[in-house]
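Here is what each chain is made of, one letter per residue.
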Amino acid sequence: MFGEIRVFRQRPFDGNSHNLGEIVGTVQDRYQELSGQAEARRQEQLATNPILIQVGSATCEHAAGSREVFEEFRKHIVASGRDDILLHQTGCTGRCSREPIVGVFVPGQIPIKYERVDRELVHQIFTSHVQNNQPLLAHVLDGPVERVYAFEFLCCGSHRCGWEEGANLEASLPGLLKDAGVDLEQVNIARASCFGACSSGNEKTCSHVLVKPDKVLYRVCSTDDLKEIIEKHIQGGQIVDRLRVGGKTIGRKFFEIYGDVAFFNRQTRVALRHNGVLDPGSITEYFHYRGFQALAKVLDKGDPNWVIEQVKKSKLRGRGGGGFPTGNKWTMAAKAAEKIRYIICNADEGDPGAFMDRSMLESDPFNVVEGMIIGGFAIGASRGFFYVRAEYPLAIERIQNAIQECRRHGLLGKGILGSDFDFDLEVRLGAGAFVCGEETALIHSIEGERGQPRIRPPYPTESGLWGKPTVINNVETFANITAVINYGAEWLGQIGTPSSGGTKVFALAGKIRHTGLVEVPMGMTLRELVEEIGGGVVGGKKLKAVQTGGPAGGCIPAHMLDLPIDFDSLSKAGSIMGSGGMIVLDEDDCMVDVAKFFMTFSQDESCGKCTPCREGTTRMLEILERITHGKGTLEDLGLLERLAKLVKKSSLCGLGRAAPNPVLSTLNHFRDEYIAHVADKRCPAKKCAALLRYEIDPQKCVGCTVCARNCPVTCISGSRREVHVIDQERCIKCGRCAEVCRFNAVLRT
Amino acid sequence: MSTSTDNWEQVQATAKQVLGDNVVKFIESCRAEPNPESQLIAVLHKVQAEYGYLAEAHLDAVAQLMQIPAAKVAGVASFYHYYRLEPRGRFLINICMGTACYVKGADRVAQKLMDELGIRFGETTTDGVFTLEGTRCIGTCGLAPVMMIDDKVHAEVTPDQVPVILEKYLDQVRRAGSETSGRT
């Protein structure tokens, strides 16, 4: 019914300059018209401004100073009088510890990304790289690098690539290049995750390689193919059309820019595929990256069941933590007798240590909006809500902008893309209550009530917002929807494990070298993620555990690092996937203290409605405090465990039911640390202040009196040039003496 | 939506006086849409953005104008952490107490702040310059530990940097003070 010819309403494309008037055509015609206009505008811009300087712009980038950097570039461009440079903003790539990140893209050259750019560096980049074509090798992202290569081969590292046992592009390329007489110093060879070009039944018969700077993706099925590419493309400057893969494959744009960076090229970017690639404020750019193509396809087919089938086939499971199959959830709402239905995007990312959703909303808002419109169509909703934390002002601004732009282009509102599907979106703000991430609490909050959960069933898909069938999905889930439609359900389904399809985004933080956002296929081991992508623990310390799932999750000890990351394996290990927070803990972290930290959070965030959670979290926190203050007993451990299991079983909602997880998992995997606290009154990680003892090493003390003068309770005695002594009775264990001693004479035991 | 009480004009006049034109206009636009009571949280955000906190008088006026029981308005205002029920100082210090920041020593930074300012979380210094609050994760975990003073994010803060950072803000106050006294 949607495919038929119909008359379009009058709707201008951009402001008043265009007016489509009465166009007659199908949904696809309307889409082609819109995307064609957007593309024309983009090409026009590229023709006059071929050089692109792109500056990261997201909360984390701004915190690192990217706004000043952007302004400084603007001033430099104006002052130089050059009119061939386009300065634009992009979202966050997820490489947090290296921000602000700036990309300088000159046609015909390998894209250069700079890290930790400040105003001084802007001046250098502009005068040296932009004006004189001399890139600053010392400041390249994850550099320094020795040279800028003339060519780059980016080989697909997916296990589905490779045409015979042991065929390895990466290993065979240097030899072939050398035989052909190519200067190896001019060529960089790197390996990346799947480009997404392997969907057409060519598994294990060929491999893929991206040749930069020409950005040509080749399908290689034999050594002769490789030889031909070297001879014709590298040496002859001719693109080998016979081997070229057309179309826009999913990982490609991202790898074209970032494929040479080790942190990125081990990832598989689906939900984050546009992060750091496009300008999050520009609908034109989004159109260029296949924006709204999925929506057009869906409306053109006009069959909600087809959409739900695709989502089911992709094995997509809810990315907010629960892991409920998205397709099943949609089916339940679509089958409801009530015709007024709602769809909600849960962007109340409250887990401490998680920022995946923020990054997606700030860096690729149109993608999430498009995913929601498709979801709305599939379940038959005409109104949708973004529930966003008030703590994310930039994400709110970008989503609001995306909604307005969509309305302006007829992608939201009445008769979307000329079909008879009506749908609109609204932003609703949270107000800092962690429990509102729970779906029934979230619904109450949208209704303007206190965010307290209620008993399920009935589930929201049956009776949700204002009593109507409601589907609530997480930001990341919606971000995957366009990929399912555009790149194929089978393709997404074959990434990951048999039960969990696709990828998952994690926020890596804590004691890890490379903090940031990573997106990896389900089923990758924790070890690969932490050690290979994250670069291992900082400062040569030993990894103790990885905490996943935030306050609802648990700690996975170092000896279990070979665990594959998927919903089922993690829950078997006593933790959860959660929304994707991943905190790396090292030998200096006390596991009892970590459990106490999460319990403090859960106790504070308990909404108070049900007794097991309200009282249980309070009592568990009291016991944990007793233990960390050296007043715990062995009986306390049994009590704690019993209470934890009780709260887990009897709480009303997910918050209470999951709150004991950090306690139970640390009791399970790190019981010896608990015993050290209660039996020996000792904190093995030297973190719990009350269990520490400060002493002065008589061998090292030179009697400088600095510690005595700084002691807040004056419990250190000794005169000048004499060994000092701490009065253990009066010591409050503040650690000030150890901080100020310049001779490392204060021992902490 | 039509007027709801027989003293509606008086209700409007009082609300205007307490909440100001901006907020009243916002509430009236909310009342024109379906499910207006669901906008309570948005209205309270608006009031807080305007006045820095939610005073009792604000809550009463909102209840009257939105025709929502005052008990419910007070319940919502006190339930959510984001709402402040006491006036705040000139600068609002928010120290992130998220996991990543905690693991990297936010507790020591927080202790240093409390020592330097002589106040605890949720309190304001007697001179009205600083209000100290602990916040949930602000999502910049890669830069932990993080402290926000108003909108400015201070990344990778150590306890030793705390006095230096505070001094900069105190300096601003002093400069502003000398300017005004110079003028009078």
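Owing to the predicted nature of the structure, the values given are computational and were not obtained by experimental measurement. (Residues numbered from 1 in each chain as written. Chains lettered and ligands numbered in written order. Predicted model: local features only at pLDDT ≥ 70, side-chain atom pairs only at ≥ 80, totals over all residues. Heavy atoms only, no water.)

Enquirer: What exactly am I supposed to notice about the packing of aromatic side chains here?
Expert: Geometry of an aromatic ring pair is reported as the spacing of the ring centres plus the angle between the planes. Residue and element names in this part refer to chain A. With the rule as written, the count across this model stands at 23 aromatic pairs over all chains. Aromatic pair Phe254 and Phe264: ring centres 5.4 Å apart, planes at 85 degrees, arrangement edge-to-face. Placement of Phe254 in helix H7 (residues 252-258) and of Phe264 in helix H8 (residues 262-265) is noted, with a sequence separation of 10 residues between them. Phe264 shares its class with Phe254; the two are buried. (Phe/Tyr/Trp six-rings, centres within 6.5 Å; stacked < 30°, edge-to-face > 60°. Helix = DSSP H or I, 4+ residues; strand = E, 2+ residues; numbered from the N terminus. Buried < 20%, exposed > 50% of the residue type's maximum accessible area, 1.4 Å probe, protein only.)

Enquirer: How should I be thinking about the environment of A:Lys212 in this particular structure?
Expert: Residue and element names in this part refer to chain A. With respect to the secondary-structure elements, Lys212 resides in strand E9 (residues 207-212). Along the backbone, Lys212 and Ile110 are 102 residues apart, and their C-alpha atoms lie at a distance of 6.4 Å. Separated by 2.9 Å, the side chain of Lys212 and the backbone oxygen of Glu256 make a polar contact. (Polar contact = N/O pair within 3.5 Å; in protein donor to acceptor, adjacent residues only side chain to side chain.)

Enquirer: In this structure, what is going on with the nonpolar core? I would like to understand it.
Expert: Soluble globular proteins tend to bury their nonpolar side chains together. The biggest cluster of nonpolar side chains holds 140 residues, and the ones touching the most others in it are A:Phe292, A:Trp330, A:Phe386 and A:Leu417. Examining the composition of this core, we find that nine residues originate from one element, helix H14 (residues 365-379) of chain A, more than from any other. Dropping the residues within four chain positions of it, A:Trp330 is found in contact with A:Val307, A:Ile308, A:Val311, A:Gly375, A:Ala378, A:Ile379, A:Val471, A:Asn473, A:Phe478 and A:Ile481. Listed in part, the 48 residues of the second largest apolar core include A:Leu442, B:Ile41, B:Leu54 and B:Ala77. (Core = buried A, V, L, I, M, F, W, Y, C linked by side-chain atoms within 4.5 Å. Contact = heavy atoms within 4.5 Å.)

Enquirer: Looking at this structure, how should I read the sheet that holds strand E18 (residues 554-557) of chain A?
Expert: In a beta sheet, neighbouring strands are held together by backbone hydrogen bonds and run either parallel or antiparallel to one another. All names here are of chain A. The strand order E16-E15-E19-E17-E18 describes an open sheet built from five strands, whose pairing is mixed. Every interior strand has two partners, whereas the edge strands, strand E16 (516-521) and E18, have only one. The mean inter-strand angle of the sheet, taken between neighbouring strand axes irrespective of direction, is 30 degrees. Judged from the four bridges that link them, strand E17 (residues 543-548) and E18 form a sheet pairing that is antiparallel. Opposite Ala545, over in E18, you have Pro557 as the bridge partner. Lying on the sheet, helix H19 (residues 526-533) is in contact with strand E15 (503-510), E16, E17, E18 and strand E19 (581-586); it crosses E16 at an angle near 140 degrees. Contacting E17, E18 and E19, helix H21 (residues 591-605) runs over the sheet at an angle of about 15 degrees to E17. (Pairing = 2+ DSSP bridges. Axes fitted to C-alpha atoms, helices over the stretch in contact; angles between N-to-C directions.)

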